[in-house]
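This is what each chain is made of:
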Amino acid sequence: MKRALIAIIIAASCCSASAQKIKGSDTVLPLTQALSEIYMAAHPAATVTVTGGGSGVGISALLEGTTDIAMASRRITFNEKMKMKQSGHEPCEFVVAYDALAVVVNPANPVKGLTREQLEAIFRGKITNWKEVGGNDAKIVVYSRETSSGTYEFFKESVLENKNYMAGVLSMPATGAIIQSVSQTKGAIGYVGLAYLNPRVKAVPVSYDGGRHYVYPSVENAMDKTYPIVRPLYYYYDRVKTDEVMPFIKFIESAQGQEKTLELGFIPRQ
C-alpha cells in the first residue's frame, strides 16, 4: 500500500511537470497550437495550453510567473529583461521560426505594388487617397495592430523606419480582426503575418529599392531573402524552467517540427 502510494505521488509529479502554459504573440499562435497538438499526440502525459493576446501580454505573463513560455514576434526589451533579473529570474531566448510580414488590401483594390516610402507615407497619414499610388479615387483606411503587439513594433521599425504611425490609425486587437476589416472595407490596408494570408485579402508586392524591384510575400521569397520584410519569432522562458520546456523546444527543432513549420507558412530555423 505504501509503495503504491509512493508510485501515485511520483506519477502525479511527472504529469504536473509536463503541463506547460504558453502565451503571447498572435503571429506565433497558430504555429505553436499546431506543433503542441502533434507533440501531445506523441506524448500523452503532456499538456500544453496555448493562448494569444500579443507579444507584450506574453512577456508580462512571463514576468508575473503565470506562463512558462512567452511567444513574441519581437525581441524582449532591455527594461523587460531587467525586471526579470531584478526579481531573481533570467530570461532565455529561442528563435522558433521566421515570418514574412505581408501588406494586405481589399481584393477589389487594383494597386499592383507599393514601395517602402509609399507605405511609410500611407501609415503616417501623408498619403490619404489610393489615386496617389496608382489606385482608384478612394480614401485609404489604415488598419494596424495595437501597441502591445510585436508585429506593430516590427512594422514601425522596418517599414516606417521608427517614425510614428498616423494619429487616426485604426488599431486592431488581433491579426484576425485586421483580415476581417480589410476584407470588408474596399479602401483598407493593413499588415499580417504570412501564415494568415487567405483569399479574403490581397497581398501586395513591395519594393525596398525605390520601385526597381517589387517582391511578392511568400515563403520562397522570404527564404531566399528577396522579400525584405522578414523577422524572427521568439520563445522566452525562465532559465530555472529549462528542463521543463526543453522537450517541447527540442521537438520544434526536430525534422518533424521543422516540416510542420514550413507547411504552416512559416520559415523554418536555418
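Since we're looking at a predicted model, the values are computed, not measured.

Visitor: Explain the overall build of the chain to me, and be specific about the residues and the numbers.
Guide: Broken down by element type, the chain carries 10 helices and 11 strands. Projected onto the principal axes, the alpha-carbon positions of the chain cover approximately 80 × 40 × 30 Å. Classification of the 270 residues of the chain by burial places 49% in the buried group. Long-range contacts, defined here as pairs at least 24 residues apart, represent 72% of the contacts in the chain between residues at least 6 apart. Accessible surface computed for the chain: about 12800 Å², of which carbon and sulfur atoms make up 54%. Separation of charge centres in the chain, based on 29 positive and 25 negative side chains, amounts to 3 Å.

Visitor: Explain the layout of surface pockets residue by residue, including any values.
Guide: One simple way to see leftover space: roll a probe sized like a water molecule over the atoms. Computed from the structure, the largest pocket encloses a volume of approximately 160 Å³. Lining the largest pocket are S73, R74, R75, G150, E153, F154, K156, E157, N162, R231, P232 and Y234. Looking at the lining of the largest pocket, the elements with two or more residues in it are helix 6 (150-158) and strand 11 (230-238). Taken together, the residues of the lining of the largest pocket sort by class into 3 nonpolar, 3 polar and 6 charged.

Visitor: Now, about helix 3 (residues 55-64): what can you tell me, with residues and values included?
Guide: Of all the positions in helix 3, only S55, G56, G58, I59, A61 and L62 are classed as buried. Contacts from the buried residues of helix 3 go to strand 1 (19-24), strand 3 (69-72), helix 4 (78-86), helix 6 and strand 11. At the exit of helix 3 stands G65, carrying a positive phi of roughly 80 degrees.

Visitor: Mind laying out the UniProt feature "domain: PBP" (unreviewed entry) in the chain, listing which residues take part and the relevant values?
Guide: Taking the numbering used here, the UniProt-annotated feature "domain: PBP" (unreviewed entry) corresponds to residues 21-254. Between the first and last C-alpha atoms of residues 21-254 the distance is 21 Å; the span itself is 33% helix and 24% strand.

Visitor: With reference to specific residues and values, describe unusual backbone geometry.
Guide: A positive phi angle, close to 50 degrees, is found at E161, a residue other than glycine. With respect to the helices, strands and loops of the structure, E161 is situated in the loop between helix 6 and strand 7 (170-172). The backbone phi angle of K225 is positive, close to 65 degrees, even though this residue is not glycine. For K225, the location among the structural elements is in the loop between helix 8 (219-223) and strand 11.

Visitor: Any chance you could break down the packing of aromatic side chains for me, citing the residues and the numbers?
Guide: Following the criterion strictly, the structure yields 12 aromatic pairs and no others. Residues F155 and Y165 carry aromatic rings whose centres are separated by 6.4 Å and whose planes lie at 25 degrees to one another, so their mutual orientation is stacked. Of the two residues, F155 is situated in helix 6 and Y165 in the loop between helix 6 and strand 7; the sequence distance between them amounts to 10 residues. By relative accessible area, Y165 is classed as buried at 10%. Residues F248 and F251 carry aromatic rings whose centres are separated by 6.5 Å and whose planes lie at 25 degrees to one another, so their mutual orientation is stacked. Of this pair, F248 and F251 both sit in helix 9 (residues 242-253), 3 residues apart, which is roughly one turn of that helix. Each member of the pair, F248 as well as F251, is classed as buried. By the ring-pair criterion, three or more aromatic residues cluster together here, those being Y39, F94, Y235, F248 and F251.

Visitor: Report on the pairing of strand 1, specifying residues and quantitative values.
Guide: A one-sided burial pattern is seen for strand 1, the buried positions being Q20, I22 and G24 and the unburied ones A19, K21 and K23. Judged from the 5 bridges that link them, strand 1 and strand 2 (residues 47-51) form a sheet pairing that is parallel. In the sheet register, A19 faces strand 2, and the bridge partner there is T47. Handedness of the strand 1-helix 2 (residues 29-42)-strand 2 crossover: right-handed. When strand 1 meets strand 3, the two strands line up parallel, connected through 3 bridges. Residue pairing across strands places I22 opposite I69, the latter belonging to strand 3.

Visitor: Help me get a handle on the nonpolar core, residues and values and all.
Guide: Counting 33 residues, the largest nonpolar core has L114, I122, F123, W130, F155 and I189 as its most contacted members. Sorting the residues of this core by element identifies strand 4 (91-105), helix 5 (116-123), helix 6, strand 8 (188-193) and helix 8 as the ones contributing at least two each. In terms of nonpolar packing, the next biggest core, distinct from the first, is built from 24 residues, V28, L31, I69 and C92 among them.

Calculation rules
Residues numbered from 1 in each chain as written. Predicted model: local features only at pLDDT ≥ 70, side-chain atom pairs only at ≥ 80, totals over all residues. Heavy atoms only, no water. Helix = DSSP H or I, 4+ residues; strand = E, 2+ residues; numbered from the N terminus. Buried < 20%, exposed > 50% of the residue type's maximum accessible area, 1.4 Å probe, protein only. Contact = heavy atoms within 4.5 Å. Areas by Shrake-Rupley, 256 points an atom, 1.4 Å probe, with all protein chains shown as cover. Lys, Arg positive; Asp, Glu negative; His and termini not counted. Charge placed at Lys NZ, Arg CZ, Asp CG, Glu CD. 1 Å grid on protein atoms, 1.4 Å probe; cavity = no way out; pocket = protein on both sides within 12 Å on 5 of 7 lines; lining within 4 Å. Points joined across faces, edges and corners; volume = space filled by probe spheres on them. Nonpolar A, V, L, I, M, F, W, Y, C, P; charged D, E, K, R; others polar. UniProt positions renumbered as here; feature names shortened; annotations may be inferred. Phe/Tyr/Trp six-rings, centres within 6.5 Å; stacked < 30°, edge-to-face > 60°. Pairing = 2+ DSSP bridges. Right-handed = clockwise from strand over helix to strand, strands pointing away. Core = buried A, V, L, I, M, F, W, Y, C linked by side-chain atoms within 4.5 Å.

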